[in-house]
Amino acid sequence: MMNVGPFSSLYSLSKQLLQGSVSSTEVTRFLLERASQIRDETNAYSQLLTVTALEEAEQSDRRRKIRRSLGPLDGVPIAVKDLIDTPPAVCSGGLKTKLDHRPATEAAVVRLLRKAGAVILGVTHSDPGAFSTDTPEVYNPLDRSLSVGGSSGGSAAAVAAGIAFGAIGTDTGGSIRIPAACCGVFGFKPTWGRVETTGTMPLAHSLDHVGPIARTIGDLHILQHILDPDFSSTAKAEPPAKCVIGVPRAFFQNADPIVCSAVNEVETRCRDLGFSVVDATLPEPSTVSRFHMKILPKEAAEYHLEHFPKKWTSYPEVARETIKLGLAVSEVCLAEAQKQRAAARVAIDHCFESIDALLLPVMPIDTPKRNDVSFNIGGKTLSKLQSTILYSSLFNHTGHPAVSLPSRLEIETRPINVQLIGARNGDKDLLNLASLIC
């Protein structure tokens, strides 16, 4: 494909577009054709926006001809998760009860992307209502027998399959970081509240984050600059002379050995860079799970009963059971869960008084298979959902930025991801650090 391949970085495509060695129309047409050709292999998109994507690409090419490029994202084809309002697409969020939802207005993030000149190729499959960490309609481009993760599985698969140069997902318990790990790409959950969620169907309003998925840390930078107009302000004026990485070994003591080996590999790289590596202490995963499974279901139940009072009973099982669980949470129990969450937030903030980032696994397991239903973690049988969010949901509650990135440890050419956690509102610092490690 011209001078740019489908697996090129967003940054390299942006440079070629600016130099005029390739046009946005050429690239967009190629990716639309490629997405159609490999649909049965991945099924990442719930809908391709062929007409509007080509119109956006042509407009981008015209701007460059008169030297009025809108920036590094101008003319770059990307994908958006289908629970984010993206006219003229059907944005069902994976729910059959919303198959007629064609939003009249754009979500806040879509407006920012289009204002920056991005070409939106289409919307990607989401797990129904974003309740789970599976996206059953989508196949993992690395291995069809493996789960693609969720709920932003379509977005991660589109990037990994070379049918988008970047994608937008949402993360309420790990739904950007987990699919990025399953597909061996990069995913970023920004500090809570930095990216506007207006026009994004909520799962739990106090936990929901919108963020990018891409093939490089540099590409995450480009996308996050657009999603968060004040992104540059999240970097310190002077970077630390020597970084300190905290590794909470007790937190992930029950992780699979191969997952621990991936953390060790990245830890070794950090030491080779001259970073200090120290022990860190986090709240017990079991404690986090208890307050997570009160706060998320309660907020989800409130939203769905208000907006879909007669429809939620026909949702898939995991969604129905979550809402039922939320209905059973009393105000007293909710208050106690929120108290525990506040204590966890203070504990994580305290960690960052002496460290620059936390390093730990994304999940306690390697990428699960599509048909897996449960795992033995530390002698306890946990569902796939409970297992996959065990190490990720904490940071939705505390609001700290987190990036999922591939280690150099691979299984049959498939990398195992780890996650780095940064100080609250230190988003750019975190991505800068990740770029050094990568």
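The structure under discussion appears in the preceding block.
What you are looking at is a predicted structure, and each value in this text was computed from that prediction instead of being measured. (Residues numbered from 1 in each chain as written. Predicted model: local features only at pLDDT ≥ 70, side-chain atom pairs only at ≥ 80, totals over all residues. Heavy atoms only, no water.)

Moving on to the overall build of the protein chain. When helices and strands are counted, the protein chain shows 15 helices and 13 strands. For a compact globule of 438 residues, the expected C-alpha radius of gyration is about 22 Å, and the protein chain comes in at 20 Å, within 12% of that figure. By its C-alpha atoms, the protein chain is 60 × 60 × 40 Å across when sized along the principal axes. Within the protein chain, the fraction of its 438 residues that count as buried is 61%. In the protein chain, of all internal contacts separated by at least 6 residues, the share reaching a separation of at least 24 is 75%. Computed over 45 positive and 46 negative side-chain charges, the separation of the two mean positions in the protein chain equals 2 Å. (Helix = DSSP H or I, 4+ residues; strand = E, 2+ residues; numbered from the N terminus. Rg over C-alpha atoms; globule rule 2.2 N^0.38 Å. Buried < 20%, exposed > 50% of the residue type's maximum accessible area, 1.4 Å probe, protein only. Contact = heavy atoms within 4.5 Å. Lys, Arg positive; Asp, Glu negative; His and termini not counted. Charge placed at Lys NZ, Arg CZ, Asp CG, Glu CD.)

Right, let's talk about unusual backbone geometry for a bit. Residue Pro-87 is joined to Pro-88 through a cis peptide bond whose omega torsion reads 5°. With respect to the element layout, Pro-88 can be found in the loop between strand 2 (77-81) and helix 5 (108-115). A cis geometry characterises the amide bond from Gly-150 onward to Ser-151, with omega recorded as 5°. Within the element layout of this structure, Ser-151 appears in the loop between strand 3 (119-124) and helix 6 (153-160). Backbone geometry at Ala-130 places phi at a positive 65°, although glycine is not the residue there. Looking at where Ala-130 falls in the secondary structure, it is placed in the loop between strand 3 and helix 6.

Here we take up the side chain of Thr-200. For Thr-200, the location among the structural elements is in the loop between strand 5 (186-189) and strand 6 (209-214). With a relative accessible area of 13%, Thr-200 lands in the buried category.

Core analysis: the largest hydrophobic core is formed by 140 residues, its most contacted members being Leu-73, Ile-84, Leu-113, Leu-358, Val-403 and Leu-420. Examining the composition of this core, we find that seven residues originate from one element, helix 10 (residues 285-307), more than from any other. Ignoring any residue separated from it by four or fewer positions in sequence, one finds Leu-113 in contact with Leu-73, Ile-78, Val-80, Ala-118, Ile-168, Ile-226 and Leu-227. (Core = buried A, V, L, I, M, F, W, Y, C linked by side-chain atoms within 4.5 Å.)

Once that is clear, we can look at the sheet that holds strand 4 (residues 167-171). Spatial strand order, 1-3-2-4-6-5-12-13-9-7-8: eleven strands in an open sheet with mixed pairing. The sheet terminates laterally at strand 1 (45-48) and strand 8 (276-279), the two strands that pair on one side only. Each strand axis lies, on average, 30° off the axis of its neighbour in the sheet, ignoring direction. Across four bridges, the pairing between strand 9 (residues 357-361) and strand 13 (residues 414-421) is antiparallel. Opposite Leu-360, over in strand 13, you have Gln-419 as the bridge partner. Across the face of the sheet, helix 9 (residues 257-272) comes into contact with strand 7 (244-247), strand 8, strand 9, strand 12 (402-411) and strand 13 while running at roughly 105° to strand 12. (Pairing = 2+ DSSP bridges. Axes fitted to C-alpha atoms, helices over the stretch in contact; angles between N-to-C directions.)

Okay, the pattern of salt bridges next. Under the definition given, this model contains 15 salt bridges. Here Asp-74 ties to Arg-63 by a salt bridge, and the two come within 2.7 Å at their closest N and O atoms. Linking Asp-74 in the loop between helix 4 (50-65) and strand 2 with Arg-63 in helix 4, this pair joins segments that are eleven residues apart in sequence. Judged by its relative accessible area of 2%, Asp-74 is buried. (Salt bridge = Lys/Arg side-chain N within 4 Å of Asp/Glu carboxyl O.)

End to end, helix 9 covers 22 Å across 16 residues, agreeing with the expected 22 Å (1.5 Å per residue, within 8%). Three or more residues of helix 9 are buried, namely Val-259, Cys-260, Ala-262, Val-263, Glu-265, Val-266, Glu-267, Arg-269 and Cys-270. For helix 9, the elements touching its buried residues are strand 7, strand 8, strand 9, strand 12, strand 13 and helix 15 (427-437). A positive phi of about 90° marks Gly-274, the residue just after helix 9. (Expected span 1.5 Å × (residues − 1).)

This part takes up helix 6. Helix 6 sits mainly inside the fold: eight of its eight residues count as buried. Burial in helix 6 covers these residues: Gly-153, Gly-154, Ser-155, Ala-156, Ala-157, Ala-158, Val-159 and Ala-160. Summarising the contacts, the buried residues of helix 6 are in contact with strand 1, strand 2, strand 3, strand 4, helix 7 (177-183) and strand 6. A positive phi of about 75° marks Gly-162, the residue just after helix 6.

What follows covers the side chain of Arg-341. By the element assignment, Arg-341 lies in helix 12 (residues 331-351). Look at Arg-341: it is buried, it has no salt bridge, and the nearest opposite charge is Glu-299 at 4.5 Å. At a separation of 2.9 Å, a polar atom in the side chain of Arg-341 contacts the side chain of Ser-206. Each residue touching Arg-341, except ones within four places of it in the same chain, is listed here: Ser-206, Leu-207, Phe-291, Ile-295 and His-397. (Polar contact = N/O pair within 3.5 Å; in protein donor to acceptor, adjacent residues only side chain to side chain.)

This brings us to the packing of aromatic side chains. What the rule picks out here adds up to two aromatic pairs. Here the aromatic rings of Phe-251 and Tyr-391 are separated by 5.3 Å at their centres, their planes lie at 45°, and the arrangement is tilted. Of this pair, Phe-251 sits in the loop between strand 7 and helix 9 while Tyr-391 is found in the loop between helix 13 (384-388) and helix 14 (394-398), placing the two residues 140 residues apart along the sequence. The buried category is assigned to Tyr-391, whose relative accessible area is 0%. Taken together, a centroid distance of 6.1 Å and an interplanar angle of 70° make the contact between Tyr-303 and Phe-308 edge-to-face. We classify Phe-308 as buried; its relative accessible area is 12%. If you follow Arg-144 out to its NZ or CZ, it ends over the ring of Tyr-139, 3.9 Å from the centre. (Phe/Tyr/Trp six-rings, centres within 6.5 Å; stacked < 30°, edge-to-face > 60°. Lys NZ or Arg CZ within 6 Å of the ring centre and 35° of its normal.)

Another aspect to go through is the environment of Asn-425. Along the chain, the position of Asn-425 falls in the loop between strand 13 and helix 15. Sequence separation between Asn-425 and Val-123 is 302 residues, and the spatial gap between their C-alpha atoms is 29 Å. Setting aside residues up to four positions removed in sequence, Asn-425 forms contacts with Thr-191, Arg-194, Thr-234 and Pro-401. Separated by 3.1 Å, the side chains of Asn-425 and Arg-194 make a polar contact.

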